[in-house]
Amino acid sequence: MRQLMQIVVLLVSCLTLLLPLPSRADWHVGRLDLVKQFIAEQQASPLVADCAAHARFVATTLPLYTRIEFPDGALDTGQASILPWNQAFGNAKQRVKVDTMVLISGVGYRKPERSKPDVLQFRCGYSANQLMAFDYNEPKPAPAKRKTLRRVKRPPQRQIKPSAC
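These numbers come from a predicted model, not from an experiment. (Residues numbered from 1 in each chain as written. Predicted model: local features only at pLDDT ≥ 70, side-chain atom pairs only at ≥ 80, totals over all residues. Heavy atoms only, no water.)

Draft legend 1. Highlighting the confidence of the model for the protein chain. In this model, the protein chain carries an average pLDDT of 78, and 65% of its residues clear a pLDDT of 70 or more. Under a pLDDT of 50 for its full length, residues 8–12 has, in the predicted model, six contacts with residues more than four places off or in other chains. Ignoring residues within four places in sequence, the model shows residues 14–25, a span with pLDDT below 50, making four contacts including any to other chains. (pLDDT = per-residue confidence, 0-100. Contact = heavy atoms within 4.5 Å.)

Okay, here's the thing in structure tokens:
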């Protein structure tokens, strides 16, 4: 499942490169506006704000979520983390060396809406302040209910006694 999510993220990233230039430009401007909003309203550092903007975009393009939110304080230095990182970001396709790791928490509202949102942990890997890799903890779906077969109790069979004639 994790590999599938990584493939989808990679495909979404590739598709953004293929979008017509005006659409890409609009998306880029919208992302920059969102980064500025996170910095102004939630006192996020530029890297944390960039990671949050990317997380919101990517997670809502996947079929599981309608929206991603970051509660008040989730992006400030008390809850978000910026860590020096001098190793590969992850395994497989995202095995790219990064020098900074950003960790943030948010909540995801599923399609269709449920009463409780999912708590999500996002990771962004940066090299020279450029986003190089991204992932998050996709919650496991609830196990499907299995139908159980119930034994049907049969009524006791009547014994027929041979009659004596």
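So, next bit.
Draft legend 2. Main features of unusual backbone geometry. Despite not being glycine, alanine 128 has its phi angle at roughly 50°, a positive value. Within the element layout of this structure, alanine 128 appears in the loop between strand E4 (118–127) and strand E5 (130–136). You will see that asparagine 129, though not glycine, has its phi angle at about 65°, which is positive. Exposure remark for asparagine 129: the relative accessible area of 60% places this residue in the exposed category. (Helix = DSSP H or I, 4+ residues; strand = E, 2+ residues; numbered from the N terminus. Buried < 20%, exposed > 50% of the residue type's maximum accessible area, 1.4 Å probe, protein only.)

Draft legend 3. Focus on the nonpolar core. By size, the foremost hydrophobic cluster in this structure holds 28 residues, and its most contacted members are Phe38, Phe70, Leu75, Val102, Ile104 and Phe122. Breaking this core down by element, the ones donating at least two residues are helix H2 (21–42), helix H3 (46–61), strand E1 (65–69), strand E3 (97–110), E4 and E5. For this core, the leading source of residues is H3, giving nine residues. Among all residues touching phenylalanine 70, those that are not within four sequence positions of it are Phe38, Gln42, Ala52, Ala55, Arg56, Leu75, Ile104, Ser105, Gly106 and Phe122. (Core = buried A, V, L, I, M, F, W, Y, C linked by side-chain atoms within 4.5 Å.)

Draft legend 4. Inspection of the pattern of salt bridges at higher detail. Throughout the structure, instances matching the rule amount to four salt bridges. Across the pair arginine 123 and aspartate 135 runs a salt bridge whose closest N-O atoms are separated by 2.9 Å. One end of the pair, arginine 123, is in strand E4; the other, aspartate 135, is in strand E5, and 12 residues separate them in sequence. (Salt bridge = Lys/Arg side-chain N within 4 Å of Asp/Glu carboxyl O.)

Draft legend 5. Fine view of the state of the cysteines. Within this structure, the stated rule accounts for one disulfide. Paired by a disulfide, cysteine 51 and cysteine 124 hold their sulfur atoms 2.0 Å apart. The sign of the S-S torsion, about 80°, decides the handedness of the disulfide formed by cysteine 51 and cysteine 124: right-handed. Of this pair, cysteine 51 sits in helix H3 while cysteine 124 is found in strand E4, placing the two residues 73 residues apart along the sequence. As far as the burial class goes, cysteine 51 and cysteine 124 line up, both buried. (Disulfide = S-S within 2.5 Å.)

Draft legend 6. How the structure looks around the side chain of histidine 54. Structurally, histidine 54 is set in helix H3. The buried category is assigned to histidine 54, whose relative accessible area is 11%. When residues no more than four places from it in sequence are discounted, the contact partners of histidine 54 are Arg31, Leu131 and Phe134.

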